[in-house]
Amino acid sequence: MCQTIPARVVRIDGDQAWVEGSLASVSLLGVDAIAIGDYILHQAGLALGRVEPEEAEAILAAFRELDALYEQEERRAGQESLGLSQRARP
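Now for a look at the structure at hand. (Residues numbered from 1 in each chain as written. Predicted model: local features only at pLDDT ≥ 70, side-chain atom pairs only at ≥ 80, totals over all residues. Heavy atoms only, no water.)

### Notes on unusual backbone geometry
Most peptide bonds adopt trans geometry, and most residues besides glycine take a negative phi value.
Then, number 1: Despite not being glycine, Ala33 shows a phi value in the positive range, around 55°.
Then, number 2: In this structure, Ala33 sits in the loop between strand 3 (25-27) and strand 4 (39-43).
Then, number 3: Positive phi outside glycine occurs at Ala44, with the angle close to 50°.
Then, number 4: Along the chain, Ala44 turns up in the loop between strand 4 and strand 5 (46-51). (Helix = DSSP H or I, 4+ residues; strand = E, 2+ residues; numbered from the N terminus.)

### Notes on the pairing of strand 4
Then, number 1: As defined by bridge partners, strand 1 (residues 7-13) adjoins strand 4 across two bridges and the pair is classed as antiparallel. Of the residues in strand 4, the one forming a bridge with Ala7 is Ile40.
Then, number 2: Two strands pair when backbone bridges link them, and strand 4 and strand 5 are joined in this way by five bridges, in the antiparallel orientation. Along strand 5, the bridge assignment pairs Tyr39 with Val51.
Then, number 3: With antiparallel pairing between neighbouring strands as the criterion, strand 4 and strand 5 make up a hairpin whose turn holds two residues, including Ala44 at a positive phi of roughly 50°. (Pairing = 2+ DSSP bridges.)

### Focus: the packing of aromatic side chains
Then, number 1: By the definition in use, this model includes zero aromatic pairs.
Then, number 2: A cation over an aromatic ring shows up here: Arg11 above the ring of Trp18, its NZ or CZ 3.9 Å from the ring centre. (Phe/Tyr/Trp six-rings, centres within 6.5 Å; stacked < 30°, edge-to-face > 60°. Lys NZ or Arg CZ within 6 Å of the ring centre and 35° of its normal.)

### What to know about the side chain of Asp38
Then, number 1: By secondary structure assignment, the location of Asp38 is in the loop between strand 3 and strand 4.
Then, number 2: Reaching out from Asp38, the side chain makes a polar contact with the backbone nitrogen of Ala35 at a distance of 2.8 Å.
Then, number 3: In contact with Asp38, other than residues within four places in its own chain, are Ala7, Arg8, Val9, Ala33 and Arg50. (Polar contact = N/O pair within 3.5 Å; in protein donor to acceptor, adjacent residues only side chain to side chain. Contact = heavy atoms within 4.5 Å.)

These figures capture arrangement, not role.
Here is the structure:
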């Protein structure tokens, strides 16, 4: 499954944009009125649309929370595999 998360545009050159956290450019063809500082959703090198800053921040916060939960689960699973779990075993 592919996911797209908001990314802030940091550079525009013609119909190509660059976003924070990526070295590859994103095509802006088919998306109107994108400016430096805007948040966009992009997938496979194509901009899908503009996202309001408040919505982008909410989405990014949700992904950060999911990432933290995933890391906690990974640590817990690693401890269990080493026999370090705090839970009693039957």
